[in-house]
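# Fold and contact review
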Amino acid sequence: MSDEPTKASEEDQVNIEFNRSLLLDQTEIITGEEDEHVVYSQRAQLLHFYDSAWHRRGIGQLKILKHNETGKLRIVMRHEDTNEPVCLNHILNDDVTYKVKDAKAWCFAVNDYSEGEYEFRQMCLRFKTSDIALGFKAAVDDALSCSSADELVASERGTSEQRARNEQNKIENEDEEREKEKDGNSSETRK
């Protein structure tokens, strides 16, 4: 036997190809925000009042959402680390009053639905700076004023859309009558 290394011929070499792609089933994550668009979004800390003291409820993105069809507003906040579960979820309307706690915080009392059932809670939103806190309050006021205007426009649009439909039906009926008259006149001329 010889100590020389044996040279492998090209025929002896094995070509191995690895397909590293792994196909996973795509799962659609339903957040409940699919039919809404974000009006405002900002990082905040949420506190709630119980046992005669303020307790931290979560830190995360606070969003003012507006429903695409109904125009209703709500405020949602999810925990920052997990994006779930929701730590704040309430309807935003003129009944919600935000009061200044300090330069960076707003207090309010709402029927919160974050745990799957309505519970009246006293809450506080704290922001990083006083400018951000003022921006939040301005966004709330703007959203509420736009929502009221949208409701008015929607009701007017509903009546104008109905008028347009009625006008379209009237035109179609007149066109059908003209067609019938033409058909009647052409059959009389043939006789």
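Residues numbered from 1 in each chain as written. Predicted model: local features only at pLDDT ≥ 70, side-chain atom pairs only at ≥ 80, totals over all residues. Heavy atoms only, no water.

We now examine the pairing of strand β2 (residues 53-67). Taken together, the 14 bridges between strand β1 (residues 36-50) and β2 define a ladder with antiparallel strand orientation. Bridge assignment links Tyr50 to a residue of β2, and that residue is Ala53. Where β1 hands over to β2, the hairpin turn is made up of 2 residues, of which Asp51 adopts a positive phi near 50°. Bridging between β2 and strand β3 (residues 73-78) involves 5 bridges; their strand directions are antiparallel. (Pairing = 2+ DSSP bridges. Helix = DSSP H or I, 4+ residues; strand = E, 2+ residues; numbered from the N terminus.)

A word on the pattern of salt bridges. Pairs may arise between side chains of opposite charge once their charged atoms sit close together. Within this structure, the stated rule accounts for 9 salt bridges. We note a salt bridge from Arg57 to Asp112, for which the minimum N-O separation is 3.6 Å. Within this pair, whereas Arg57 is found in strand β2, its partner Asp112 is found in strand β6 (residues 105-112), the two being separated by 55 residues in sequence. Note on Arg57: relative accessible area 14%, which makes it buried. (Salt bridge = Lys/Arg side-chain N within 4 Å of Asp/Glu carboxyl O. Buried < 20%, exposed > 50% of the residue type's maximum accessible area, 1.4 Å probe, protein only.)

Taken in spatial order, the 7 strands make up an open sheet running β4-β3-β2-β1-β7-β6-β5, and their pairing is antiparallel. Lying at the two open borders of the sheet, with one neighbouring strand each, are β4 (86-92) and β5 (99-102). Neighbour-to-neighbour, the strand axes of this sheet turn through a mean angle of 35°, independent of strand direction. Where β3 lies against β4, 6 bridges are found, and the strand directions are antiparallel. Of the residues in β4, the one forming a bridge with Met77 is Leu88. (Axes fitted to C-alpha atoms, helices over the stretch in contact; angles between N-to-C directions.)

Tracing the backbone shows Glu33 in the segment before β1. Note on Glu33: relative accessible area 13%, which makes it buried. C-alpha separation for the pair Glu33 and Val76, spaced 43 residues apart in sequence, amounts to 9.4 Å. Glu33 has contacts with Lys63, Leu65, Arg74, Val76 and Arg78, leaving out every residue within four places of it along the chain. (Contact = heavy atoms within 4.5 Å.)

Attention now goes to the confidence of the model for the protein. Mean pLDDT over the protein: 78, with 68% of residues reaching 70 or higher. The lowest-confidence element of the protein is helix α1 (residues 130-190), averaging 68 in pLDDT; the highest-confidence one is strand β7 (residues 119-126), averaging 94. Per-residue pLDDT stays below 50 along residues 152-160; that stretch engages in 0 contacts with residues further than four places along the chain or on separate chains. (pLDDT = per-residue confidence, 0-100.)

Where empty space is left becomes clear once a probe the size of a water molecule has been rolled over the atoms. Volume-wise, the largest pocket comes out at about 180 Å³. What lines the largest pocket is Glu36, His67, Lys72, Leu73, Arg74, Asn89, His90, Ile91, Tyr113 and Tyr118. When contributions to the lining of the largest pocket are tallied by element, the ones reaching two or more residues are β3 and β4. The dominant element in the lining of the largest pocket, judged by the number of residues it contributes, is β4, at 3 residues. Classifying every residue of the lining of the largest pocket by side-chain character gives 4 nonpolar, 3 polar and 3 charged. (1 Å grid on protein atoms, 1.4 Å probe; cavity = no way out; pocket = protein on both sides within 12 Å on 5 of 7 lines; lining within 4 Å. Points joined across faces, edges and corners; volume = space filled by probe spheres on them. Nonpolar A, V, L, I, M, F, W, Y, C, P; charged D, E, K, R; others polar.)

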